[in-house]
Each structure stands twice: as structure tokens, then as C-alpha cells.
Amino acid sequence: LGLRAGKAYVFRIHAVSNPEVPAYDNSWTIEYSGESSPPFEGFTLWTFSEYELIPRTTAQISDSMQIPNPVTLRFRPNKEVHAGPEIGGLLTLTAPTGFEGMTRGTVGGSCADYLLTVGEELFEPDEEVKCQVEEGRKNVVTFSFIGSRKLEAGKLY
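Here the structure is a predicted model, which means the values were calculated and not measured. (Residues numbered from 1 in each chain as written. Predicted model: local features only at pLDDT ≥ 70, side-chain atom pairs only at ≥ 80, totals over all residues. Heavy atoms only, no water.)

### Digging into the pattern of salt bridges
Opposite charge on two side chains makes pairing possible when the charged atoms of those side chains draw close. Selection criterion: Just to be clear on terms, a salt bridge is a Lys or Arg side-chain nitrogen sitting within 4 Å of an Asp or Glu carboxyl oxygen. Put simply, DSSP H or I for four residues or longer makes a helix, DSSP E for two residues or longer makes a strand, and each gets a number counted from the N terminus. Only protein chains enter the area calculation, which uses a 1.4 Å probe; residues under 20% of their type maximum are buried, those over 50% are exposed, and those in between are partly exposed.
For the structure on display, the rule yields six salt bridges. In this structure, Glu-50 engages Arg-76 in a salt bridge whose closest nitrogen and oxygen atoms are separated by 2.8 Å. Of this pair, Glu-50 sits in strand S5 (residues 48-55) while Arg-76 sits in strand S6 (residues 71-77), and the two are 26 residues apart along the sequence. The partner of Glu-52 in a salt bridge is Arg-74, with the nearest N and O atoms 3.5 Å apart. Here Glu-52, found in strand S5, pairs with Arg-74, found in strand S6; they are 22 residues apart in sequence, far enough to count as distant. Given a relative accessible area of 40%, Glu-52 falls into the partly exposed group. For Arg-74, a relative accessible area of 38% gives the class partly exposed.

### A look at the sheet that holds strand S11 (residues 140-145)
Quick reminder of the rule: Strands are labelled as partners when DSSP assigns at least two bridges between them. Angles here are taken between N-to-C directions and fall from 0 to 180 degrees, while the axes themselves are lines fitted to C-alpha atoms, restricted in helices to the stretch in contact.
Read across the sheet, three strands follow the order S7-S11-S10 without closing on themselves; strand pairing throughout is antiparallel. Two strands in the sheet have a free side with no partner beyond their single neighbour: strand S7 (90-94) and strand S10 (129-133). Direction aside, the axes of adjacent strands within the sheet are offset by 15 degrees on average. Pairing analysis gives five bridges linking S10 to S11, with the strands arranged antiparallel. Residue Gln-132 lies in a different strand from S11, and its bridge partner there is Thr-142.

Listed below in C-alpha cells is the structure:
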């Protein structure tokens, strides 16, 4: 039977995984029976660009005595991360094993001092965004957006 000229066809492809780094040239083609389409633009992955992690210091007094090391994470989301009336979109930062998010008290509690900004605009901690260190995995920190606040696509945070 084959494909018929002038008819539209839909294919769903289940990808095994997405690339860790988005392709510079995200062009796709279709080939059938020795003929191929011109390249067409692929889809944008729900990733971030222009990301950078900057430590305030890398000092450590000794193996047994560590000092807090605040870091600055800059990133630009490709897709919007929505907020809901109570808790909306989630942004999770997973550091390598051995790094630990600092809490105000117990593990699994709110993060110690944290800020989320876009330009000069601040997300109000605990009112517009909450930060939690995951219990049992202190290297995982989750930011939850509250109310009308969201991460907007294309903005640098």
C-alpha cells in the first residue's frame, strides 16, 4: 500500500532519551523510499540555557570542619514554569553527592538563606517561592512556586 501523495500522516515516536545538551542544529528530516524531506526545525527541550554555578568561596577548614559556601546559580529557562494557588511549578537542583543544602533547622526543612531574582526583581522567600532540602538526600534542593509567581521563558534568573 505505502504512503499516498497529498495525504497528511501523523507519526508518534517514543524517544529513549533526550540529549543532555540541546543540539546546535536541531533540524530533522524524513526519508521514505529513497526520497527525503528538506530539513525542518525540531522542538525545544524543556531545558535551560546560559546556566552557570558560581561559589562564593571554595575554602574548607578541614575534613571534619566545613564552612557554609553559598553559591549563585544563573540560568535562562526555555519553557515557562507555572505557579499554582498553593504550590505550582517545581525547580529541583541536584548537586553531586557530598554537597549538602543548608536548612534552617532539621533536614527536610526549609532552606537556610536563599534568594531567587530576575533582574532586580526578588521572589519573596516563603511567600512566592519555597525552598526545601530533601530528607535523606541533602544534595537535592527543590524550589516550589506559589501564587501568581512563575519562571518565565527566556528571562535570565
